[in-house]
Amino acid sequence: MTKFEALGLNSALLNAVTDLGFETPSEVQEKSIPLLLEDEIDLVALAQTGTGKTAAFGFPLIQKIDSQSRTTQGLILSPTRELCLQITKEIQLYSKYVKGLNTVAIYGGASITDQARQIKRGAQIVVATPGRMKDMIGRGIIDISKLDYCILDEADEMLNMGFYEDIKDILSNTPKDKSTWLFSATMPREVATIAKKFMHNPKEITVGTKNSGVDTVQHEYYVVGGRDRYSALKRLSDSNPGIFSVVFCRTKRDTQRVAEKLIEDGYNAGALHGDLSQNQRDLVMNSFRKKQIQMLVATDVAARGIDVDDIT
Ligand code: AMP
């Protein structure tokens, strides 16, 4: 029996796992999958991004959903369009051997008509950003009154972005007896409040140490005066010619400014922040994934949860 089989996954999922080349379940998968498969429970899971969270909720969700019914049974809320698309892609990969299962992404900045059409064709799983989701419920385009599972991914970030009211509204359109699974990297008071208000006796799991970084990342820091920050950044890049990096800035303006300066100075840089059009954001992300952009200058919010390999 493989380690994934031992978690209780069915053959459709096990075949997808084999195709994906996953060999060992990650800690969050090991802890959450058996719990979620065994029973109808509410769950609060504290886990960093990049720990395999999507499969931790995606596998049980896919296995529990009735793919023969066209009803929307699972809703995954995530903070940004990028993350929403990434989760959708992962869920589609995981469910490739499940006949009839349809996963649709709903997010702002793109045609609502196209998204409505996809929903109309029948989507058992919907992955959405809160703003667009609320909008579509309001317009009667989407019905989540028969939802069985609601997943709040990156809950802390969604609340940071001010989505509390939207989330509250969305949840009020779902049945009381559904299961809610909340995943968050950190546990600020606001997240605890959501858990308390909208969940019933949630089971709790923590992966790694609370509020800590992953140990596959080596941390270094340099103390420089404000005026020397940009030169220090350039020097870091110059001393690592093959650098493939994300530069975080606090504000959108800083992001834009630093990226523009880097480009002027001949570096392969690009900015990613919430004021760019969706089209521009896609272009930047695609160039970054293809390594045409070596330095992605981003706000924390825009870059949260983005999965790119081989960052220097
Ligand atoms: P996530 O934290 O869900 O964004 O996942 C991060 C990356 O790890 C994604 O590219 C997943 O496809 C991959 N991944 C998830 N689970 C496993 C696993 N058990 N073994 C290897 N890779 C995995």
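Residues numbered from 1 in each chain as written. Predicted model: local features only at pLDDT ≥ 70, side-chain atom pairs only at ≥ 80, totals over all residues. Heavy atoms only, no water.

Structural notes on the overall build of the chain
Along the chain, the regular secondary structure elements total 14 helices and ten strands. If one aligns the C-alpha atoms of the chain with their principal axes, the spans along those axes are about 55 × 45 × 35 Å. Looking at the chain as a whole, 48% of its 312 residues qualify as buried. Partitioning the contacts of the chain with sequence separation of at least 6, the portion at a separation of at least 24 is 74%. Of the roughly 16100 Å² of accessible surface on the chain, a fraction of 47% belongs to carbon and sulfur atoms. (Helix = DSSP H or I, 4+ residues; strand = E, 2+ residues; numbered from the N terminus. Buried < 20%, exposed > 50% of the residue type's maximum accessible area, 1.4 Å probe, protein only. Contact = heavy atoms within 4.5 Å. Areas by Shrake-Rupley, 256 points an atom, 1.4 Å probe, with all protein chains shown as cover.)

Structural notes on the pattern of salt bridges
In the structure shown here, the tally under the stated rule is 15 salt bridges. We note a salt bridge from Lys31 to Glu27, for which the minimum N-O separation is 3.0 Å. Of this pair, Lys31 and Glu27 both sit in helix α3 (residues 27-38), four residues apart, roughly one helical turn. Given a relative accessible area of 33%, Lys31 falls into the partly exposed group. Glu27 gets classed as partly exposed once you look at its relative accessible area, which sits at 39%. Across the pair Arg281 and Glu82 runs a salt bridge, and its minimum N-O distance is 2.7 Å. Remark: Glu82 occurs in helix α5 (residues 81-94) and Arg281 occurs in helix α13 (residues 278-289); sequence separation between them is 199 residues. What makes Glu82 buried here is its relative accessible area of 8%. Salt bridges sharing common partners tie together Lys53, Asp153 and Glu154. (Salt bridge = Lys/Arg side-chain N within 4 Å of Asp/Glu carboxyl O.)

Points about the domain arrangement of the chain
For the chain, the assigned domains are domain 1 (5-206) and domain 2 (226-299). On a C-alpha basis, the centres of domain 1 and domain 2 stand 31 Å from each other. Residue-level contacts link six residues of domain 1 with six residues of domain 2. Both faces combined, the contact of domain 1 with domain 2 buries some 460 Å², and carbon together with sulfur accounts for 35% of it. Summed over the shared surface of domain 1 and domain 2, the number is two salt bridges. (Domains from an automatic or database assignment. Buried area = accessible area lost by both parts, 1.4 Å probe.)

What to know about the site of the ligand
Taken together, 13 residues lie near the ligand, and Thr24, Gln29, Gly52, Thr54 and Asp307 sit nearest. Take Gln29: an N or O atom from its side chain is 2.7 Å from a nitrogen atom of the ligand. Between the ligand and Thr54, the relevant distance is 2.6 Å, taken from an oxygen atom to a side-chain nitrogen or oxygen of the residue. Against a free-state accessible area of 500 Å², the protein chains account for coverage of 75% of the ligand. When the residues that make up the shell around the ligand are grouped by side-chain class, the tally is three nonpolar, seven polar and three charged. (Near = heavy atom within 4 Å. Polar contact = N/O pair within 3.5 Å; in protein donor to acceptor, adjacent residues only side chain to side chain. Nonpolar A, V, L, I, M, F, W, Y, C, P; charged D, E, K, R; others polar.)

Some words on the packing of α3 against helix α4 (residues 53-64)
Where α3 contacts α4, the axes come no closer than 8 Å and their chain directions differ by 20°. Relative to α4, the element α3 lies roughly parallel. The way α3 lies across α4 gives a crossing that is right-handed. Where α3 abuts α4, its residues Val28, Gln29, Ser32, Ile33, Leu36 and Leu37 lie against Lys53, Ala55, Ala56, Phe59, Pro60, Gln63 and Lys64. Class assignment for the residues of the contact of α3 with α4 results in eight nonpolar, three polar and two charged. (Axes fitted to C-alpha atoms, helices over the stretch in contact; angles between N-to-C directions. Parallel < 35°, antiparallel > 145°, perpendicular 65-115°, else oblique. Left-handed = near helix turned anticlockwise from the far one by under 90°.)

Section: the sheet that holds strand β4 (residues 125-128)
Backbone-to-backbone hydrogen bonds join strands into a sheet, with any given pair of strands oriented parallel or antiparallel. Taken together, seven strands build an open sheet; the order of strands is β3-β4-β2-β5-β6-β1-β7 and the sheet is parallel. Two strands lie at the open edges of the sheet, namely β3 (103-106) and β7 (203-206), each paired on one side alone. Neighbour to neighbour, the strand axes of the sheet diverge by 15° on average, direction disregarded. In terms of strand pairing, strand β5 (residues 149-152) meets strand β6 (residues 179-184) through four bridges, oriented parallel. Its bridge partner lying in β6, Leu152 is registered against Leu182. (Pairing = 2+ DSSP bridges.)

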